[in-house]
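Chain and residue survey
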Amino acid sequence: MPFTDADRVWMARALELAAHAEQAEGEVPVGAVLVLDGKVVGEGWNRNITLNDPTAHAEIQALRAAGQTLSNYRFPGATLYVTLEPCAMCAMAMVHARVGRVVFGATDPKTGAAGSVFDTLVSPRHNHRVAVQGGLDAEAAGDMLRRFFRARR
């Protein structure tokens, strides 16, 4: 299934949040936007270092914000846009939150849980599966991550 114009708009916002993570907080540049019925209900960026919290990934931050916005912990029909393929922790949070779909940018060949290393989001062992589409703006997202890590070495 091809990406829609709306997908491109929301991923552009996720990329803005990723840039903010790096520029404002010195964090690994990953951004996430949760969209429900065409509206942003949660946004997040990596804040692990800033918050001294290993769970403060962009996706988790966006899910937490959505919970506050919607006064709920489940988001059926929502799409999460994230610049990097989710890890196992974030993938399971999406399953528990009943997110409908995830669209990600760059793949993560070391810890990706949306097909690269694990297939957590679509595992038949879970009582919910999250539709997955990867590769949207992958080059931009991957370049941002590569530049970040290159500068750290």
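Residues numbered from 1 in each chain as written. Predicted model: local features only at pLDDT ≥ 70, side-chain atom pairs only at ≥ 80, totals over all residues. Heavy atoms only, no water.

By the naming in an unreviewed UniProt entry, the protein is tRNA-specific adenosine deaminase, taken from Luteibacter flocculans. In the Subunit (unreviewed entry) part of its UniProt record, the protein is described as follows: "Homodimer." (UniProt positions renumbered as here; feature names shortened; annotations may be inferred.)

**So, helix H3 (residues 58-70)**
The end-to-end C-alpha distance of H3 is 18 Å, a good match for the 18 Å that 13 residues give at a rise of 1.5 Å each. Buried-residue contacts for H3 involve strand S1 (31-36), strand S2 (39-45), helix H2 (48-51), strand S3 (79-84) and helix H4 (88-97). (Helix = DSSP H or I, 4+ residues; strand = E, 2+ residues; numbered from the N terminus. Expected span 1.5 Å × (residues − 1). Contact = heavy atoms within 4.5 Å.)

**Things to note about the pattern of salt bridges**
Under the counting rule described, the total for this entry stands at six salt bridges. Between Arg 101 and Asp 7 there is a salt bridge, with its nearest N and O atoms 2.8 Å apart. Here the residue Arg 101 occupies a position in strand S4 (residues 101-106), and Asp 7 occupies one in helix H1 (residues 5-25), the gap between them amounting to 94 residues. The residues Arg 101 and Asp 7 share a single accessibility class, namely buried. (Salt bridge = Lys/Arg side-chain N within 4 Å of Asp/Glu carboxyl O. Buried < 20%, exposed > 50% of the residue type's maximum accessible area, 1.4 Å probe, protein only.)

**Things to note about the packing of H3 against H4**
When two helices pack together, their arrangement is captured by the angle between the axes and the distance separating the axes. One can describe the packing of H3 onto H4 by two numbers: an axis separation of 9 Å at closest approach and a directional angle of 25 degrees. If you check the angle between H3 and H4, you find them roughly parallel. By crossing handedness, the relation of H3 to H4 is classed as left-handed. Along its contact with H3, which presents Glu 59, Ile 60 and Leu 63, the element H4 presents Met 89, Cys 90, Ala 93, Met 94 and Ala 97. Looking at the contact of H3 with H4 residue by residue, the class counts come to seven nonpolar, no polar and one charged. (Axes fitted to C-alpha atoms, helices over the stretch in contact; angles between N-to-C directions. Parallel < 35°, antiparallel > 145°, perpendicular 65-115°, else oblique. Left-handed = near helix turned anticlockwise from the far one by under 90°. Nonpolar A, V, L, I, M, F, W, Y, C, P; charged D, E, K, R; others polar.)

**Observations concerning the packing of aromatic side chains**
Inspection of every chain in the model, using the stated rule, returns one aromatic pair. Between Phe 148 and Phe 149, the ring centres sit 5.1 Å apart and the planes meet at 85 degrees, which makes this aromatic pair edge-to-face. Exposure remark for Phe 148: the relative accessible area of 4% places this residue in the buried category. The class for Phe 149 is partly exposed, based on a relative accessible area of 35%. (Phe/Tyr/Trp six-rings, centres within 6.5 Å; stacked < 30°, edge-to-face > 60°.)

**Some thoughts on the environment of Arg 101**
What makes Arg 101 buried here is its relative accessible area of 15%. Sequence-wise, Arg 101 and Leu 80 are 21 residues apart; in three dimensions their C-alpha atoms are separated by 6.4 Å. Beyond its immediate chain neighbours, meaning those up to four positions away, Arg 101 contacts Met 1, Asp 7, Ala 78, Thr 79, Leu 80, Tyr 81, Val 130, Ala 131 and Gln 133. At 2.8 Å, the side chain of Arg 101 and the side chain of Asp 7 are in polar contact. (Polar contact = N/O pair within 3.5 Å; in protein donor to acceptor, adjacent residues only side chain to side chain.)

**A word on the UniProt feature "domain: CMP/dCMP-type deaminase" (unreviewed entry) in the protein**
With numbering matched to this structure, UniProt assigns "domain: CMP/dCMP-type deaminase" (unreviewed entry) to residues 5-118. Across residues 5-118, helical content stands at 42% and strand content at 22%; the span's end C-alpha atoms are separated by 28 Å.

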